[in-house]
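# Results of the structural survey
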Amino acid sequence: MKRIAPPFDIPPALRSWAEINLSALRHNLAAVRSSIGPSPAILAVVKANAYGHGTAEVARALAPNIEIFGVANLPEAREVIAAGTGRDVMLLSPCLPAERPLTAGLIVTVSSAAEAAAFAACGPVRLNFKIDTGMGRVGAWHDSALDEVGAIVGLPGVTLHSISTHLPSSDEDAGFTLGQLEAFAALAARIRAIVPGVRVHSLNSAGILAFPAHAADIVRAGLVLYGISPLPAIQDRFLPALSWKARVTLVRNLPAGTGISYGRTFLTSRPTRTAVLAAGYADGFPRQLAGRGTCILIGGRRHPVVGRVTMDQVVVDITDGGESIAAGDEAVLIGRQGDEEITAAELAARADTIPWEILTGIQDRVARIYAG
Ligand SMILES: *Cc1c(COP(=O)(O)O)cnc(C)c1O
């Protein structure tokens, strides 16, 4: 696929930054739309600083073609509102009792009629009633969902905006997920008979890609909007929106037998040229990446990380093909350089985690720069 590569204007004195390609976000949103067809609304999940991409900029880029934003908590909801898109905002996690009076205007998620009543006592409220069909985290257990809805509809000042469920294994267990989706669809039909206008949603990113026929009224798109497919086989439909870069701060030539970094876990086996980069685990580059074949791109080539990742710095072996690398050069931790690419999924696999954690782990000290 042809890459959209907008120009980024990066100050030479910046040590580490993330380039956020807003046209890639719009491309990914269009890919979600083509997967689910014209009818379902899209809830864009922008929790955790929009998966590390920056809440306000992402919200503004996506707003024209989505209906609702999804966030985890009140401060995130306020950030989305401050971005000025005018779109609805849904809190996806339960609210603390003390937060309930502060949620005016938001769509809040509840797991019981008792929780709904506690919101109603604070004023008029729009609810997303969550039903647990197998996630085991929040929601009313599905057996009791109809009774809970019956009690919710009698509450004064309450509007039942939607009912939803969540999929724990949509990228791993199609049989279990289909069972959930079918049980939820049956329940949704009975709830619609009680509350005709209620909206229905269950799909996260993997669900959107694997079970688009179950899109119902709304889908909740997170990771795919940022250009990472939870199903690696169809990654080429999406464009990663974030590239993470850091500059080389120092180049050195070390003799054979030199220990590199804390614990001296790596010993040079030959005269070795090293580049030191201005990024470490305090920037979100996981310490677990050391000694696992992790590479960084400099000068269009892969160069291995050697020794432990430290808080602010990482050492790269540039002996092979790195003769012309110099302090100030750009290195790519996530993204493309020349014909090479390191994805968040690759880093996640090497660090024994998931791309969600890699992206949301990129810290504030990494400047966000926008284009497109
Ligand atoms: C975070 C979240 C999502 C988005 O999940 P992705 O896998 O990133 O698409 C969807 N629904 C709920 C309830 C969430 O909390």
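These notes cover the structure that comes with them. (Residues numbered from 1 in each chain as written. Predicted model: local features only at pLDDT ≥ 70, side-chain atom pairs only at ≥ 80, totals over all residues. Heavy atoms only, no water.)

### Let's talk about the pattern of salt bridges
Applying the stated criterion to the full structure yields 14 salt bridges. Across the salt bridge formed by Arg302 and Glu340, the nearest N and O atoms sit 3.1 Å from each other. Of this pair, Arg302 sits in strand β16 (residues 301-306) while Glu340 sits in strand β19 (residues 340-342), and the two are 38 residues apart along the sequence. Exposure remark for Arg302: the relative accessible area of 28% places this residue in the partly exposed category. On the basis of relative accessibility, which here comes to 27%, the residue Glu340 falls in the partly exposed class. The partner of Arg302 in a salt bridge is Glu346, and the shortest N-O contact between them spans 2.9 Å. (Salt bridge = Lys/Arg side-chain N within 4 Å of Asp/Glu carboxyl O. Helix = DSSP H or I, 4+ residues; strand = E, 2+ residues; numbered from the N terminus. Buried < 20%, exposed > 50% of the residue type's maximum accessible area, 1.4 Å probe, protein only.)

### Observations regarding the site of the ligand
The ligand sits among Val45, Lys47, Tyr51, Leu92, Lys130, His166, Asn204, Ser205, Arg220, Gly222, Leu223 and Trp356. Measuring from an oxygen atom of the ligand, one finds a backbone N or O atom of Leu223 at 2.8 Å. One of the side-chain nitrogen or oxygen atoms of Trp356 is found 2.8 Å away from an oxygen atom of the ligand. Protein chains shield 91% of the accessible area of the ligand, which is 400 Å² for the free molecule. (Near = heavy atom within 4 Å. Polar contact = N/O pair within 3.5 Å; in protein donor to acceptor, adjacent residues only side chain to side chain. Areas by Shrake-Rupley, 256 points an atom, 1.4 Å probe, with all protein chains shown as cover.)

### Observations concerning the packing of helix α6 (residues 145-153) against helix α7 (residues 174-194)
The N-to-C vectors of α6 and α7 enclose an angle of 20°; their axes lie 11 Å apart at closest approach. One element, α6, and the other, α7, form an angle in the roughly parallel class. Both α6 and α7 take part in a crossing whose hand is right-handed. The segment α6 lies against α7, with Ala145, Leu146, Val149 and Val153 engaging Leu187, Arg190, Ile191 and Ile194. (Axes fitted to C-alpha atoms, helices over the stretch in contact; angles between N-to-C directions. Parallel < 35°, antiparallel > 145°, perpendicular 65-115°, else oblique. Left-handed = near helix turned anticlockwise from the far one by under 90°. Contact = heavy atoms within 4.5 Å.)

### Considerations on the packing of helix α1 (residues 22-36) against helix α3 (residues 55-62)
At a minimum axis separation of 9 Å, α1 and α3 run at an interaxial angle of 50°. In terms of orientation, α1 lies oblique with respect to α3. Crossing of α1 over α3 shows right-handed handedness. Contacts between α1 and α3 pair Leu22, Leu25, Arg26 and Leu29 from the former with Glu57, Val58, Ala61 and Leu62 from the latter. The residue makeup of the contact of α1 with α3, split by class, is 6 nonpolar, no polar and 2 charged. (Nonpolar A, V, L, I, M, F, W, Y, C, P; charged D, E, K, R; others polar.)

### Some words on the environment of Gly179
Along the chain, Gly179 turns up in helix α7. Considered as a pair, Gly179 and Ile234 are 55 residues apart in the sequence and their alpha carbons are 24 Å apart.

### Regarding helix α5 (residues 113-120)
Note: α-helices contain 3.6 residues per turn, so residues at a spacing of three or four share the same orientation. Ala113, Glu115, Ala116, Phe119 and Ala120 are the residues of α5 that are buried. Buried residues of α5, seen end-on, are gathered within an arc of 155° and therefore sit on one face of the element. Buried residues in α5 make contact with β5 (107-110), β6 (125-132), α6 and β8 (158-164). (Arc of directions from axis to C-beta.)

### Remarks on the pairing of β6
Among the 8 residues of β6, 7 are classified as buried, and the element is accordingly described as predominantly covered. Strand direction decides the pairing type here: β5 and β6, joined by 4 bridges, are parallel. Its bridge partner being in β6, Val110 is matched across the sheet by Phe129. Tracing the backbone out of β5, into α5 and back to the parallel element β6 gives a crossover that is right-handed. Alignment of β6 against β8, held across 6 bridges, turns out to be parallel. Counterpart to Asn128 in the pairing with β8 is Ser162. (Pairing = 2+ DSSP bridges. Right-handed = clockwise from strand over helix to strand, strands pointing away.)

All we've got here are geometric facts, nothing functional implied.
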